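Listed below, chain by chain, are the residues.
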Amino acid sequence: MRASTYPLVDAAEAAELVLARTPVLPAETLHLADCPGRVAAEDVVAPVDLPAFAASAVDGYAIRSADGGGRLHVVGESAAGRPFTGELPAGTAARILTGGVLPAGADTVVMVEDVEQGPDWVVVPEGQQAGRNFHRPGDDLRRGDVLVRRGHALGAAELGLAAAVGLATLPVHRRPRVALMSTGDELVEVGRTPGPGQITDSNRWALLAALREAGAEVTLLGVAPDQPEPLRALVVDALEGHDALVTSGGVSVGTHDLVKPLLESLGEVHLGRVRLRPGKPFTFATLPGGRLAFGLPGFPVSSLVTFEVFVRPALRRMQGCAAVQRPTLPVRLGYEARSSVDRTEYQRVTLTREGGDLVARSTGSQSSSRLLSLAGAHALVRVPPGDGGLAAGSVVDAIVLALPD
Ligand code: AMP
Ligand code: MG
């Protein structure tokens, strides 16, 4: 064992340092089919009005309101996609279907439920007012309106809007390509029976899910042994074609912890120890080609908490997201949150609605090996270092992972 030479950096400062060194990936133009979940690289602006024409909102009859009501001769039809041609003569009506173009000359639509119909006539009630039952051009949006702001994710409504105004492709940021590697001689593939002293590599699957949720394209590199040369070969090989490397394990100060020296030899290590619990040995480096390397600690909770604090915001920054952090909500502590003397602690909590409040309760033992403390957690409560802690009943902003049902 050796003492770490890395300075202990405050958790918030470390998170800022990572973001400051994280590049935004270039934009590419993709067809809508490939856009779900991507982030708009520019404001998306409507090139046309919607609707483009006066469109009936109902099935009924298009008339001139000046004709008043009574019996009108039906001279034709305007169905969706098959407009009535020419101008509607005075004293007549045209059958109109939902989505049909309001014929020239007509200024209102009478619902079919309100009329009496014959083969070529219709009786409409007296006192019809202009402007009923159709959408005017530009009612829904105007040319020049911003449909999606730059930095915002493209979801169902945004993609529907883009298509509606005729945009088949959109400028979006590239997704980060991430190589994921577990390190440790003790690790075996999931499904294999661990031998004496061995454990299953679970971080790979936990981090794969976390990376995908954060929008990354992931390459699984498997397990690297605790030997400098094979580890180095795997990493060097992986850097080609990836924007970031995420490893788990091998960053503490044991003699088998090889990730820090390897990253030092390949690039520049900016963080090697953070005042964070769990996750003190978190390591961050920049590598040639603008690549990032995140060395996460091996303990399952430590790897996921450091992912949340450092990696997820960085991946969102790379994708051009305007908001890189998760939302926070004020919660009332339903337990006394003891603090660590010198580290910011991220405690895992469940949330329940009680009265008008969200009440946070600990998920139980917060041991860095106990992944159950994170499974089903709704939020993270950030407990500042010192000997104060947070009193039960106090209201704090919690980082929301998932809202309770
Ligand atoms: P390390 O940071 O390499 O010293 O790892 C610390 C501890 O985390 C190990 O002793 C294991 O118990 C656990 N660990 C490391 N890697 C993994 C992994 N891929 N999956 C599950 N647990 C792991
Ligand atoms: Mg290890």
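First things first, this report covers the structure right here in the doc. (Residues numbered from 1 in each chain as written. Chains lettered and ligands numbered in written order. Predicted model: local features only at pLDDT ≥ 70, side-chain atom pairs only at ≥ 80, totals over all residues. Heavy atoms only, no water.)

### Re the overall build of the chain
Helix and strand counts for the chain stand at six helices and 27 strands. For the chain, whose C-alpha radius of gyration is 31 Å, the value lies well above the compact-globule estimate of 22 Å for 405 residues. Along the three orthogonal principal directions, the C-alpha set of the chain runs to about 100 × 50 × 40 Å. Relative to its full complement of 405 residues, the chain shows a buried share of 47%. For the chain, the accessible area works out to roughly 18900 Å², and carbon and sulfur atoms hold 52% of it. A gap of 6 Å separates the mean positions of the 38 positive and 45 negative side-chain charges of the chain. (Helix = DSSP H or I, 4+ residues; strand = E, 2+ residues; numbered from the N terminus. Rg over C-alpha atoms; globule rule 2.2 N^0.38 Å. Buried < 20%, exposed > 50% of the residue type's maximum accessible area, 1.4 Å probe, protein only. Areas by Shrake-Rupley, 256 points an atom, 1.4 Å probe, with all protein chains shown as cover. Lys, Arg positive; Asp, Glu negative; His and termini not counted. Charge placed at Lys NZ, Arg CZ, Asp CG, Glu CD.)

### Quick notes on the nonpolar core
Counting 40 residues, the largest nonpolar core has Leu211, Phe282, Phe294, Phe307, Phe310 and Leu315 as its most contacted members. It is helix H6 (residues 300-318) that provides the largest number of residues to this core, a total of 10 residues. In this structure Phe294 touches Val18, Ala244, Leu245, Val246, Thr247, Phe282, Thr283, Phe284, Phe310, Val311 and Ala314, once residues within four positions along its chain are discounted. The next biggest cluster of nonpolar side chains, apart from the first, holds 19 residues, and it includes Tyr6, Val235, Val251 and Val259. (Core = buried A, V, L, I, M, F, W, Y, C linked by side-chain atoms within 4.5 Å. Contact = heavy atoms within 4.5 Å.)

### What to know about the sheet that holds strand E10 (residues 121-124)
Backbone-to-backbone hydrogen bonds join strands into a sheet, with any given pair of strands oriented parallel or antiparallel. Strand order in the open sheet made by the six strands is E8-E5-E7-E6-E10-E9, with mixed pairing throughout. Each end of this open sheet is capped by a strand with a single partner; those strands are strand E8 (108-111) and strand E9 (116-117). Pairing between strand E5 (residues 60-63) and strand E7 (residues 92-96): three bridges, direction antiparallel. From the neighbouring strand, Ala62 faces E7, where its bridge partner is Ala94. (Pairing = 2+ DSSP bridges.)

### Focus: the packing of helix H4 (residues 228-239) against helix H5 (residues 259-266)
Each pair of packed helices can be described by the angle between their axes along with the distance between the axes. Remark: H4 packs on H5, axes separated minimally by 11 Å, with the N-to-C direction vectors making an angle of 50°. Overall, the two elements H4 and H5 adopt an arrangement that is oblique. Note on packing geometry: the crossing formed by H4 with H5 is right-handed. Residue-level contacts link Leu231, Arg232, Val235, Val236 and Leu239 of H4 to Val259, Leu262, Ser265 and Leu266 of H5. (Axes fitted to C-alpha atoms, helices over the stretch in contact; angles between N-to-C directions. Parallel < 35°, antiparallel > 145°, perpendicular 65-115°, else oblique. Left-handed = near helix turned anticlockwise from the far one by under 90°.)

### Things to note about the site of ligand 1
Surveying the vicinity of ligand 1 reveals 15 residues, the closest of which are Asp201, Ser202, Gly250, Gly298 and Phe299. Within the backbone of Asn203, a nitrogen or oxygen atom sits 3.1 Å from a nitrogen atom of ligand 1. Take Phe299: an N or O atom from its main chain is 3.1 Å from an oxygen atom of ligand 1. Residue composition of the shell around ligand 1, grouped by class: three nonpolar, nine polar and three charged. (Near = heavy atom within 4 Å. Polar contact = N/O pair within 3.5 Å; in protein donor to acceptor, adjacent residues only side chain to side chain. Nonpolar A, V, L, I, M, F, W, Y, C, P; charged D, E, K, R; others polar.)

### Digging into the pairing of strand E18 (residues 244-248)
Of all five residues in E18, five are buried, a share of seventy percent or more. Residues Ala244, Val246 and Ser248 of E18 are buried on one face, and the alternating residues Leu245 and Thr247, pointing to the opposite face, are buried as well. Here five bridges tie strand E14 (residues 177-183) to E18, and the two strands are oriented parallel to one another. Its bridge partner being in E18, Val178 is matched across the sheet by Ala244. Pairing between E18 and strand E22 (residues 291-296): five bridges, direction parallel. By the bridge assignment, Val246 is partnered in E22 with Phe294.

### Describing the side chain of Glu345
Along the chain, the position of Glu345 falls in strand E24 (residues 344-354). Residue Glu345 is classed as buried on the basis of its relative accessible area, which comes to 8%. The residues contacting Glu345, other than those within four sequence positions of it, are Arg277, Arg338, Ser340, Gln366, Val381, Arg382 and Val383.

### Brief notes about the pattern of salt bridges
Oppositely charged side chains can pair when the atoms bearing their charge come close. Here the structure, examined in full by the defined rule, presents 16 salt bridges. Linking Arg204 and Asp201 is a salt bridge whose minimum nitrogen-to-oxygen distance equals 2.9 Å. The exposure class of Arg204 is buried, given its relative accessible area of 7%. In this structure, Arg361 and Glu354 form a salt bridge, with 3.0 Å as the shortest nitrogen-oxygen distance. (Salt bridge = Lys/Arg side-chain N within 4 Å of Asp/Glu carboxyl O.)

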